[in-house]
Amino acid sequence: MPDPSQYKTPLFDAMVSLAESRKISFHTPGHKSGKGIATRFVKYVGPNIFSIDLTTLDEVDSLQKPTGVIKEAQGLAAKAYGADRSFFLLNGTTVGNHAMIMTVCNPGDGILAARNCHKSVIAGAILAGARANFVYPAMDASLMMSMNVTFDSVRQAVESAAPEIKVLVVTSPNYYGICADIERIIPFAHERGMTVLVDEAHGPHLGFHPELPKSALSCGADMVVQSTHKIIGGMTQASMMHARSGRVDIMTLAGVLKVLQTTSPSYILMASLDLARMQMATEGEKLLSKALELARWARDGINGIQGLRCLEKKDVLLRSMGDLDETKLAINVSDLGMTGYQVSQALNTEHDIQVEMADPFHVLVIVSIGDRKEDVSRLVDALKEIAKGRSAAARFDWEQAKPPVGTPQGLPPREAFFAAHELVNLGKSAGRLSSEIVTVYPPGIPMLVPGEVITEDVVNYLSRVSAMGGTVDGLAEDGRIGVVR
Ligand SMILES: Cc1ncc(COP(=O)(O)O)c(C=O)c1O
């Protein structure tokens, strides 16, 4: 039985009640409940959305200094997720990663971060002036995949790190749903006196179904940030931060968020967080059972197609990972003699199906509480169609496009980011220090962090992925050639 208080949606209710009271507005937003909005916009989306596009008013509380319905809504989120405090985030998990690092690091402090982190973790280190050390995820040649960090690699990195490094940042699950063994990693780091921050962007649903991986909070994480909008009912940009007191000073965190977050938060986005939490807490298990059932059905179907291989739980458990979120379908397409980018393109242009992401060897599909059997069935049929008659003859192998590991560091990220710089052709940049974050996007994992030496390996990797159809982000493009700062 769900906790009866979790059926409440205090923020959304207050917004509807204020909108329906039709008070005369002499305040922002300037469109005045939609009356000043371009007609085409209102015609397409309908009028109600504008009447709840509110600003900070007594009736609907303030995100910067919550004392009313936002405080209550965040309190219900904390209860549902098992945190001491939860915060609504309006610039996605990106701002959460910035805030986590700024909360626990002073300028010059060090963090140990799993290198499969999102670029916002590096941006957090730049903002905080923190030095960054990395532990690399395990690479697997047979799965053609960068997995997650293992317990052993984290243990070794912690043991060889300078004793003053007191912050560990882990991304779990990763984009492919692969969880690190946080049940062992978090207590180990705590024993070593470290504070553990988990980027759980891909895991706002964990903890609401017994067959999904354990959530980071349930494994003892000190701060966790989740993209509610990526996987469950939050609207795009709406994320949540959850914190435990003890190792984290929650007052400092609240203060950092005040500095980083907008003073004009979208009430529509915040309401979507209030409702997404209510939905998970009251019927999450039922909804997620359906998503899991669909994903398992699709996985079996895809694994029955010659040339395709969809990542399974046993694959990740065998490789010392913590678990797999089975609602993510990481489909290896290399035996079709195609890249993931090509399969993604074929699904889009020939079958009107858009996937979340592609890499040289995979396409990644997210199955969620919003999917229907007929859509998943169309995906499986489309993949069958694409696979027909293909062969592995022209297959790329792992060695041609595996991500580089162990890039040496020359300067701390902040120093390099603000250093005097010049633009250099990528092909001629080996041996120089990067002044910017360069990623292949998605997933947005940095291939170069400011201050790192640009190696031949990195240059070759970026050039190859770019030639295969991946998007390299962070290279200043002049229309013809990739140049790096
Ligand atoms: C692991 C990870 N962390 C953080 C982010 C950033 O999240 P958001 O888009 O909610 O700002 C992403 C986005 O892809 C991500 O994959």
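Since this is a predicted model, take the numbers as computed values, not measurements.

1. Describing the environment of proline 66
You can see proline 66 is positioned in the loop between helix H3 (48-51) and helix H4 (69-81). For proline 66, a relative accessible area of 23% corresponds to the partly exposed category. Sequence separation between proline 66 and proline 413 is 347 residues, and the spatial gap between their C-alpha atoms is 34 Å. Excluding its chain neighbours within four sequence positions, the residues that come into contact with proline 66 are Asp61, Lys71 and Gln74.

2. Re the packing of helix H13 (residues 340-351) against helix H14 (residues 373-387)
Where H13 meets H14, the closest approach of the two axes is 11 Å, and the angle between their N-to-C directions is 110°. Here H13 is positioned roughly perpendicular relative to H14, judged by the angle of their axes. Judged by the sense of rotation from one axis to the other, the crossing of H13 with H14 is right-handed. Of the residues in H14, those touching H13 at Val343, Ala346, Leu347 and His351 are Arg378, Leu379, Ala382, Leu383, Glu385 and Ile386. Looking at side-chain class alone, the contact of H13 with H14 contains seven nonpolar, one polar and two charged residues.

3. Here we look at the environment of aspartate 359
Locating aspartate 359 in the fold gives a position in the loop between strand S14 (357-358) and strand S15 (362-366). Overall, aspartate 359 belongs to the buried group, its relative accessible area being 13%. The spacing of aspartate 359 and proline 442 is 83 residues in sequence and 8.5 Å in space, taken between C-alpha atoms. Look past the residues within four positions of aspartate 359 in its chain and what remains in contact with it is Tyr176, Thr339, Gly340 and Tyr341.

4. What about the sheet that holds strand S8 (residues 195-199)?
Taken in spatial order, the seven strands line up as S1-S10-S9-S8-S6-S2-S3 in an open sheet, and their pairing is mixed. Every other strand in the sheet has two partners, leaving strand S1 (85-89) and strand S3 (131-135) as the edge strands with one partner each. Put simply, the sheet's adjacent strands are angled 20° from each other on average, direction ignored. Direction of pairing for strand S9 (residues 223-226) relative to strand S10 (residues 239-243): antiparallel, over a ladder of four bridges. Across the sheet, the residue bridging to glutamine 226 is methionine 240, located in S10. Docked against the sheet, helix H5 (residues 92-104) engages S1, strand S2 (110-114), strand S6 (167-171), S8, S9 and S10, running at close to 165° with respect to S9. Each of S1, S9 and S10 touches helix H10 (residues 250-260); the most contacted strand, S1, lies at about 10° to it.

Rules behind the numbers
Residues numbered from 1 in each chain as written. Predicted model: local features only at pLDDT ≥ 70, side-chain atom pairs only at ≥ 80, totals over all residues. Heavy atoms only, no water. Helix = DSSP H or I, 4+ residues; strand = E, 2+ residues; numbered from the N terminus. Buried < 20%, exposed > 50% of the residue type's maximum accessible area, 1.4 Å probe, protein only. Contact = heavy atoms within 4.5 Å. Axes fitted to C-alpha atoms, helices over the stretch in contact; angles between N-to-C directions. Parallel < 35°, antiparallel > 145°, perpendicular 65-115°, else oblique. Left-handed = near helix turned anticlockwise from the far one by under 90°. Nonpolar A, V, L, I, M, F, W, Y, C, P; charged D, E, K, R; others polar. Pairing = 2+ DSSP bridges.

By themselves, these are just geometric observations and shouldn't be taken as functional.
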